[in-house]
Amino acid sequence: MTADKDTLAAYAGKAEDYAALAYDDTQMPEITELSKAVGDGEILDLGCGPGMHMPLLARHGATVTGFDPSPEFVDIGKRQGLDIRGAGFDDLDATEAYDGVLASFSLLHAP
């Protein structure tokens, strides 16, 4: 995401709140469908926050990489053993490396 400093500060202040959110198949059936469709392929969670969707995305064997520009989110995800990188939209240059992309609540930050 191309996030300005005010946006990053807002997310930083709520990072632990976002990390405490829990998602399951009944709340996000699209994540399950994406996971099934990709199977053991590669998924990019673009704007992944603290990585709360990543375990569901990986459920059917996919390798999941998360991109988020918030250092606080990256730190939370890494503490959980998730592959989250401090990156955003502008850092994505491997356009054919992924079999699926989830951009939940992140496209609103796209220029």
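Our subject is the structure that appears above.
Model, not experiment: these values are computed from the prediction. (Residues numbered from 1 in each chain as written. Predicted model: local features only at pLDDT ≥ 70, side-chain atom pairs only at ≥ 80, totals over all residues. Heavy atoms only, no water.)

(A) Representation of helix 3 (residues 29-38). Within the span of helix 3, buried status applies to I31, T32, L34, S35 and V38. For helix 3, the arc enclosing every buried residue in end-on projection is 160°, short of the 170-degree limit, so these residues lie on one face. Exposed side chains of helix 3 directed beyond 90 degrees from the buried face belong to E30 and A37. (Buried < 20%, exposed > 50% of the residue type's maximum accessible area, 1.4 Å probe, protein only. Helix = DSSP H or I, 4+ residues; strand = E, 2+ residues; numbered from the N terminus. Arc of directions from axis to C-beta.)

(B) Local environment of the side chain of S35. For S35, the position within the fold is in helix 3. Separated by 2.8 Å, the side chains of S35 and H60 make a polar contact. The contacts of S35, once residues within four sequence positions are left out, are I43, L56, L57, R59 and H60. (Polar contact = N/O pair within 3.5 Å; in protein donor to acceptor, adjacent residues only side chain to side chain. Contact = heavy atoms within 4.5 Å.)

(C) Summary view of the environment of Q80. The topology assignment puts Q80 in the loop between helix 5 (71-79) and strand 3 (84-86). For Q80, a relative accessible area of 48% puts it in the partly exposed group. Considered as a pair, Q80 and T7 are 73 residues apart in the sequence and their alpha carbons are 24 Å apart.

(D) Spatial organisation of the nonpolar core. Judged by nonpolar contacts, the single largest core of 15 residues is most densely connected at I31, L34, I43, M54, L57, V64 and I84. Secondary-structure elements contributing two or more residues to this core are helix 3 and helix 4 (54-58). Each residue touching L34, except ones within four places of it in the same chain, is listed here: I43, L57, G100, V101 and L102. Of all hydrophobic cores here, the second largest spans 6 residues; its members include L44, L46, F67 and A87. (Core = buried A, V, L, I, M, F, W, Y, C linked by side-chain atoms within 4.5 Å.)

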